[in-house]
Amino acid sequence: MALELTAARPDPALLDLPWRTPLEDWPEDILAALPRGISRHVVRFVRLSGRVLAIKEIKDDIARREYEMLRDLRRLHLPTVEPFAVVSGRVGVDGEPLDACLVTRHLQFSLPYRALYSQSLRKGTATRLIDALAVLLVRLHLTGFWWGDVSLSNTLFRRDAGSFAAYLVDAETGELRNRLSDGQREHDLDIARVNIAGELMDLEAGGLLQEERDPIEVSERIMTRYRELWAELTAEEHIVETERWRVDDRIRRLNKMGFDVDELEITTDFDGTTIRIQPKVVDSGHHSRRLLRLTGLDVRENQARRLLNDLEVFSAATGRQGEDEEIVAHDWLARVYEPVTRGVPASLLAKLEPAEVFHEVLEHRWYMAERARHDVPITDALADYVAKVLPGKPDERAVLGVDTEELPVIADRNA
Amino acid sequence: MATVKFDESTRIYPGSDTPAVDKLNIDIEDGEFLVLVGPSGCGKSTSLRMLAGLEEVNQGKIWIGDRDVTDLSPKDRDVAMVFQNYALYPHMSVADNMGFALKIAGVDKGEIRKRVEEAANILDLTQYLERKPKALSGGQRQRVAMGRAIVRSPQVFLMDEPLSNLDAKLRVQTRTQIASLQRRLGVTTVYVTHDQVEAMTMGDRIALLKDGILQQCATPREMYDKPANLFVAGFIGSPAMNLVTVPVTADGAKFGNHTVSVPREGANDGGSHVVVGVRPEDVELTTNNDGLELTVDVIEELGADAYVYGTPTDQNFTLEGGDDNLAKPFIARVDGRKVPAKGEKIYVYPKGQHMHVFNKESGARL
Ligand SMILES: Nc1ncnc2c1ncn2[C@@H]1O[C@H](COP(=O)(O)OP(=O)(O)OP(=O)(O)O)[C@@H](O)[C@H]1O
Ligand SMILES: Nc1ncnc2c1ncn2[C@@H]1O[C@H](COP(=O)(O)OP(=O)(O)OP(=O)(O)O)[C@@H](O)[C@H]1O
Ligand SMILES: [Mg+2]
Ligand SMILES: [Mg+2]
C-alpha cells in the first residue's frame, strides 16, 4: 500500500515526516513539546515549514470523517481547529500497517485547560472556562452540530480580554444536521456535564485545583449557562402592540451578548393587539465584525468589545463624536492601538497576542491611575507594563513543557 | 432487571416529513442482549435515544418492565447510556474512575465504594483499585470504562457503537468481553452498531433497521438462514449472499440452464422473475454446462477453502446489491484443492435446498 495524502493545499514537506514509525516513537527533535488535553489516541505536535501541526493517530475512516467534519464546520464559520491533511496507507518498517493520521494546524495562543491549571490562576477561571464552553456549545447547536463528546479536553481556550473564547478540537463523534432536536441538545449537555465534572475531579485529585469550589457544583454551570443563553437567543416573546420599541430592545440585548440577529420572525396575532417575535438566525461576533469593518482588526469578541469601548472614549476625549466613524477609528488605530502593540519588544511577542496585550495595558493603566490618584498616559502604562508585568508571563503562542497525559486504549499485545 | 418494549414507537424530527423511526415494534426479554443494526441513518441512535428518554416519542409508547416510560425523564427510567467515548482520568485511582459518575448522581460514599468493589470483582480489577490508570494495560483500561457503566446497576444498558473507534484487534477482544460480561450480569442490553459481524457475534437477537423501518428481528441464526426480505439477505453475512434475478417458467426458476423449484406463489405474484439468493458456501460448482455460466475474475485463497469471484457471462443476469453501479461479482466458496483458474468458465447453482427466493417487486421472502 502506498502512502496517501489527502489535503486541500498539500505541503510536500509533510511527506518527509517519519510515517513508517508509530507516532508514539517519533524522534524528539522533530516534536514540539506543547501541552495537550487528555486523549485516548496518541497526539503529537511537529514543526513543519514554519508552522506547528498537531498529529493524531487514528483509524483511517474516522480520520477522514473527522477531517471532512472539521472542514464543514469551518465553512460554517464555527470556531474549530483547522484541518490540514489525512495521511493514510502507512506501513511500519516491519511491514505491518499503521493507523492513519489526522493532521490539524496547531491553534496559536490556544491553551488546553490543563495548561491553564498549571499556571497560577486568577480566581474563577473554572467558571470562565465553562462560560466560554457554553457559548461554543450554543453556537454549535444553533448550527445543527451534535458534538457527542463535549469536554474541557476537547476544547481549546484562547484569552479574550480577561475571559476566554472556546474552540472545538475533537470532532470525532459529531454529526451535522439541519437542526437539532431538543433531545439531541440535552444529550450533549448530559455528556458535557459528566465529562466536565470528571475532568475537574481529576484536577482536584492531582492537587491542581486551587479553587475551593466543588467540581460537581462547578460542572452544573454548563447546564445553567447554556440554558440561559439558549433561551435568550431563541425564545419567543410576546409584545403588546403599543410597545413596539421592545422589538428593538430584544435585538440590542442580543447585540450586547455578542450576537447579530440575521433573521427575526415577527407575527401579529389575529386581533392585532400583540406581536410575537422570535430570532430565527443569530450569528455571534457582533462586536468583532463591527471592529473589523471599522479598523480591519480581526480579534475575538470580548477583545473587540474592549477595543470598541476604548475607541468610544477616544472619540469623546477628542471631541469627534459627530464625525465619520471610520475616520475616527483610523486615527485611533494609528495614535492609540498601534503604538501600544508595536511597543512590545520582539523578544516578548510570543507572550500574548496584540489585542490581549492592549487589553492588559488598559487594565494596567487603570491600576496605576488608581494608585497615583490621577490619569496616566497610555505610553507610561505601556512602559511600566512591558518592564514589570509582561516579562513574567509564560509564552503562550505555544506553551511549553506542561504535564500532559494520554491514556491510549490499545489491544493487549499478548492477549 | 426488566423487559423493554418498543410499541409502535415513532419519531419525526421537526422540519422533516418522513419519520426517522417508523412504528417500531420490538419486545425485548428480561436479560436479553438485543443488537440494533443497520446502515448509517437508519434510525439506530434515534431509537436508542427514545428509549433513554433523550428523544421525544411522537407516536406509540415505550415500556420498561410494566411501566409506561414514554413521558418519563431520563433520570426516572433507570437506564444507563454507555458513552461512545469515555476518558480515563490520570490523577484519579481506578476506583474513582469507576465511581465518579455516581458521585455526580449524589449516591453516598459507602454505597459507591460497595458498588465499585462489586464491579471490580466482576471485572477482575480488585487488585488494581487503588492504582492509577497509567499502570494498567490497554485491555484493563477498557474494563475500567465498562466498570463505570456497571456501577450504575441500571435496569437496562444502552450502548451506541462503543467499539467504533478502537483498533481492529482490541475491537474483537472487547466485543467478546462485553458479550460475556452482559451474560454474567444478566442486565437487559440494547446495543447499537452498523457492523453486521459485530451484531451476529454479540446479539441474542438482532433487529435490523432500514430507513427507520424494522426489517426483521430474530436470532442471528434465523437472520442468516431465513432472511425476511432482500435487504436482510444482502445485509447479513460476509461475504454477502449472491442475489440473482432469474426468470420463472412452469417448471421453476431458471438459474442459467439449471432449473430450481420455487414456491408457487413466486411465479404468480412475482411476475415473470424472482430473485434467488444463495450464500457463497451453498454454491454448487460444475464444469459441465449445468447452471449459471460465470467467468472467473479473482481467486481469494483462504487455505482449506477459497473464494471464487466471477461475472455472469450472460449479461441478462444481474446481481442485486451492487453499490456505486459497479457490477457485483458472484461469489462461491470452493474446496481449496479444487480451485478453478482465473479466466476459466464455470457453472454454478444452489446446492440442494440451500437457497432463498424473494419476490422481485416487494423483496419479500417467498
Ligand atoms: N490543532 C490543535 N491545536 C492545539 N491542540 C491540539 C490540536 N489538536 C489536538 N490538540 C490537543 O491534543 C489533545 C488530544 O486531541 P483529540 O481530543 O483530538 O484526541 P482524542 O484521542 O480523539 O481525544 P478523545 O479521547 O477525547 O477522543 C486535545 O485535547 C488538544 O489539547
Ligand atoms: N435533528 C434532526 N433533524 C432531522 N433529521 C434528523 C435529525 N437527527 C437525525 N436525523 C435523521 O434521522 C435519521 C436517523 O438518524 P440516526 O442518527 O438515528 O441514524 P443512525 O442509524 O444512528 O445512523 P449512524 O449509523 O450514522 O449513527 C437519519 O436520516 C438522520 O438524517
Ligand atoms: Mg479528545
Ligand atoms: Mg448513530
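Residue numbers restart at each chain and count upward from 1, following the sequence in its written direction. Numbering of ligands from 1 and lettering of chains from A proceed in the order in which they are written. Residues qualify for local features only when their pLDDT is at least 70, as the model is predicted, and side-chain atom pairs are given and counted only at 80 or more; totals for whole chains, interfaces and linings, by contrast, use all residues. No hydrogens and no water enter the side-chain calculation; it runs on all heavy atoms of the structure.

By the naming in an unreviewed UniProt entry, chain B goes by Sn-glycerol-3-phosphate ABC transporter ATP-binding protein UgpC and is assigned to Phycicoccus avicenniae.

For chain A, an unreviewed UniProt entry supplies the name DUF4032 domain-containing protein and the organism Phycicoccus avicenniae.

## Notes on the overall build of chain B
A tally of helices and strands in chain B yields 9 helices and 20 strands. Projecting the C-alpha coordinates of chain B onto the three principal axes gives extents of approximately 75 × 45 × 35 Å. Residue burial is assigned from relative accessible area. The probe radius is 1.4 Å, only protein chains are included, and a residue is buried under 20% of its type maximum, exposed over 50%, and partly exposed in between. Out of the 366 residues belonging to chain B, those deemed buried represent 53%. Any two residues whose heavy atoms approach within 4.5 Å are treated as being in contact. Long-range contacts, defined as pairs at least 24 residues apart, comprise 68% of the intrachain contacts of chain B with a sequence gap of at least 6. For the accessible areas, the method is Shrake-Rupley and the probe is 1.4 Å, while residue cover comes only from the protein chains on display. Counting only carbon and sulfur atoms, one obtains 48% of the accessible surface of chain B, whose full area is about 15900 Å². Where the 42 positive side-chain charges of chain B centre and where its 50 negative ones centre are 7 Å apart. Secondary structure counts use DSSP, requiring at least four H or I residues in a row for a helix and at least two E residues in a row for a strand, with both numbered from the N terminus. Positive residues here are Lys and Arg, negative ones are Asp and Glu, while His and the chain termini are left out of the count. Taken as the charge centre is NZ of Lys, CZ of Arg, CG of Asp or CD of Glu, depending on the residue.

## Notes on the coordination of the magnesium ion (ligand 3)
Residues and elements named next belong to chain A. Taken together, the protein ligands of the magnesium ion (ligand 3) are Asn154 (OD1) and Asp170 (OD), with distances of 2.0 to 2.3 Å. Highlighted residues: asparagine 154 in the loop between strand S6 (145-146) and strand S7 (155-160) and aspartate 170 in the loop between strand S8 (163-168) and strand S9 (175-176), separated in sequence by 16 residues. For the pair formed by asparagine 154 and aspartate 170, the shared burial category is buried. Only nitrogen, oxygen and sulfur atoms qualify as donors, provided they sit within 2.8 Å of the metal or within 3.2 Å for Na, K and Ca; with water excluded from the atoms, sites may seem incomplete.

## Some words on the packing of helix H8 (residues 301-317) of chain A against helix H9 (residues 325-342) of chain A
Residues and elements named next belong to chain A. The N-to-C vectors of H8 and H9 enclose an angle of 100°; their axes lie 10 Å apart at closest approach. One way to sum up the angle between H8 and H9 is to call them roughly perpendicular. Along the contact surface, H8 presents Leu307, Asp310, Leu311, Phe314 and Ser315, while H9 presents Val328, Ala329, Asp331, Trp332, Arg335, Val336 and Tyr337. For every element, the axis is a line fit to its C-alpha atoms; helices are fit only across the contacting stretch, and the angle between N-to-C directions ranges from 0 to 180 degrees. We call two directions roughly parallel when the angle between them is under 35 degrees, roughly antiparallel when it is over 145, roughly perpendicular when it lies between 65 and 115, and oblique otherwise.

## Let's talk about the interface of chain A and chain B
Opposite the 39 residues of chain A that make contact, chain B presents 34 residues. Two parts lose some accessible area (1.4 Å probe) when they are put together, and adding that loss for both gives the buried area. Both sides together, the interface formed by chain A and chain B hides about 3400 Å², and carbon and sulfur atoms give 59% of it. Throughout this description, the term salt bridge denotes a Lys or Arg side-chain nitrogen within 4 Å of a carboxyl oxygen of Asp or Glu. Counting every contact that joins chain A to chain B gives 0 salt bridges. Side-chain atoms alone can form a polar contact between residues adjacent in sequence; in general such a contact is a pair of N or O atoms within 3.5 Å, and within protein one must be able to donate a hydrogen while the other accepts it. At the junction of chain A and chain B, the tally comes to 4 residue pairs in polar contact (both at pLDDT 80 or more).

## Quick look at unusual backbone geometry
All names here are of chain B. That bond from serine 238 to proline 239 is cis: its omega, 0°, falls within 30 degrees of zero. Summarising the element assignment, proline 239 is placed in the loop between helix H8 (230-235) and strand S11 (242-247). Of note in this structure, glutamate 161 is not a glycine but carries a positive phi near 45°. Looking at the secondary structure, you find glutamate 161 in the loop between strand S7 (156-160) and helix H5 (168-185). Residue glutamate 161 is classed as buried on the basis of its relative accessible area of 11%.

## Some thoughts on the domain arrangement of chain B
All names here are of chain B. Each domain's extent is set by a domain assignment, obtained either automatically or from a database. Here chain B is partitioned into domain 1 (4-230) and domain 2 (239-359). A straight line from the C-alpha centre of domain 1 to that of domain 2 covers 39 Å. Tallying the contact residues gives 6 residues for domain 1 and 8 residues for domain 2. Counting each side, the surface lost to burial between domain 1 and domain 2 is near 560 Å², with a carbon and sulfur contribution of 63%. A per-residue breakdown of the area domain 1 buries against domain 2 is headed by Tyr224, Pro227 and Leu230, which together make up 87% of the total. Linking domain 1 with domain 2 are 0 salt bridges. Taken together, the links from domain 1 to domain 2 amount to 2 residue pairs in polar contact (both at pLDDT 80 or more). A per-element tally of the side of domain 1 that touches domain 2 places helix H7 (residues 220-225) first, with 3 residues. Only Asp, Glu, Lys and Arg are considered charged, only Ala, Val, Leu, Ile, Met, Phe, Trp, Tyr, Cys and Pro nonpolar, and every remaining residue, Gly among them, polar. Tallied by class, the residues present in the side of domain 1 that touches domain 2 amount to 4 nonpolar, 1 polar and 1 charged.

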